[in-house]
Amino acid sequence: MDHTADHLSHAARDVAMTRIGADGVRTPVTRAIAEEMPIAIEFNGIGYAVLMASPDDLDDLATGFALAERLVDAAGDIVDIDRHPTGHGIVVRVTIADRLGARIVDRVRHRVAESSCGLCGIENLEQALRPLPRVTTVSRADDAAVFRALGKLRDRQPLNRETGAVHAAALCSAAGDVLIAREDVGRHNAFDKLIGAMLRGGRDWDGGFALLSSRCSYELVEKAALARCPLLVTISAPTALALRRAAAAGVALRVLARADAMLAS
């Protein structure tokens, strides 16, 4: 899906500001600023999380988030998604198949607060680093394909071009073409949106990989593993925990991926 100017209208707004030059000259300017607002997600009527996110592609966000939280296994497990704007943000109400209701109740028991990182609100530390599924799919992308995708990502980041303030997550083909891209002020949200878009569209990795305009945190590795992503590429560096979790789950990594070099793990 291509993002048009109309699509950007609610994810950014023009704000009057003052440019201050090194020479002390002050100039009135108008700058596009990324929107960020509370997105409350409910599952089967239970308030589950409040994410600070860009207010677009929310069905994708809710779907990817549900998978990352292990509440669903496939897009078909989600019966319906409704969005309800309020004066303070947007409530996204997700209906999940009744047979999975126990997962919601069990997960809520271990959350004492709500956070986009998925860890800050967990009461039971055993829930923090739950075992990950072993990824058995393989990416067919070679190094040249990764560099090719890096060169194409900017063209699929219209909101970031406008604001300079958001992350992107992209599905890339084995040849290095950017097939789907999603943007958000939060790197976790951007990846959830991408994964959700893939689930809702019936897409799989098909020998390709994920490309993220962020550091390689352990949460992103976990989202990749749960989405069965064989290769995760990030523009910035990894944490040591991310490297360990990726190795345990069989997720190949390319990190500090820039136009001239990258690191493999």
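Above: the structure in question.
Rules of the game
Residues numbered from 1 in each chain as written. Predicted model: local features only at pLDDT ≥ 70, side-chain atom pairs only at ≥ 80, totals over all residues. Heavy atoms only, no water. Buried < 20%, exposed > 50% of the residue type's maximum accessible area, 1.4 Å probe, protein only. Helix = DSSP H or I, 4+ residues; strand = E, 2+ residues; numbered from the N terminus. Arc of directions from axis to C-beta. Contact = heavy atoms within 4.5 Å. Pairing = 2+ DSSP bridges. Axes fitted to C-alpha atoms, helices over the stretch in contact; angles between N-to-C directions. Parallel < 35°, antiparallel > 145°, perpendicular 65-115°, else oblique. Nonpolar A, V, L, I, M, F, W, Y, C, P; charged D, E, K, R; others polar.

Participant: Help me out: how do you make sense of helix H4 (residues 143–153) in this one?
Facilitator: For an α-helix, the turn length of 3.6 residues means that residues three or four places apart are oriented alike. Residues Ala145, Val146, Ala149, Leu150 and Leu153 constitute the buried set of H4. Each buried residue of H4 lies within a common arc of 145 degrees when the element is viewed along its axis, so the set occupies one face. Elements that come into contact with the buried residues of H4 comprise strand S7 (167–172), strand S8 (178–184), strand S9 (209–212) and strand S10 (231–234).

Participant: I would appreciate a short explanation of the sheet that holds S8 in the present structure.
Facilitator: Hydrogen bonds between backbone atoms are what pair the strands of a sheet, whose relative direction is either parallel or antiparallel. Ordered in space as S8-S7-S9-S10-S11-S12, the six strands form an open sheet in which the pairing is mixed. Strands at the two margins of the open sheet, each flanked by one partner only, are S8 and strand S12 (263–264). Examined bridge by bridge, strand S11 (residues 252–255) and S12 share two bridges and lie antiparallel to one another. Bridge pairing in S12 links arginine 254 to alanine 264.

Participant: Explain the packing of helix H6 (residues 187–201) against helix H7 (residues 218–226) to me, please; I cannot follow it from the model alone.
Facilitator: Think of two packed helices as two axes; the pair is described by the angle between the axes and how far apart they sit. The contact between H6 and H7 brings their axes to 10 Å, and the two run at 10 degrees. It follows from the interaxial angle that H6 and H7 lie roughly parallel. Between H6, through Arg187, His188, Phe191, Asp192 and Ile195, and H7, the contact on the second element is made entirely by Glu219, Leu220, Lys223 and Ala224. Per-class residue counts for the contact of H6 with H7 are four nonpolar, one polar and four charged.

Participant: I keep staring at the sheet that holds strand S3 (residues 37–43) and nothing clicks. Help me out?
Facilitator: One open sheet accounts for four strands, arranged S4-S3-S6-S5; its pairing is mixed. The sheet is open, and its two edges are formed by strand S4 (46–53) and strand S5 (78–85), each paired on a single side. Averaged over all neighbouring strand pairs, the angle between strand axes comes to 20 degrees, with direction disregarded. As judged from the seven bridges shared by S3 and S4, these two strands associate in the antiparallel manner.

Participant: Can you help me understand unusual backbone geometry in this one?
Facilitator: Within the chain, aspartate 206 stands out as a residue other than glycine whose phi angle is a positive 45 degrees. Assignment of secondary structure puts aspartate 206 in the loop between H6 and S9. The exposed category is assigned to aspartate 206, whose relative accessible area is 55%. A positive phi angle, near 60 degrees, is found at arginine 228, a position not held by glycine. Mapped onto the elements of the fold, arginine 228 is located in the loop between H7 and S10. On the basis of relative accessible area, arginine 228 is assigned to the partly exposed category, the value being 40%.

All quantities given are derived from atomic positions and should not be read as evidence of function.
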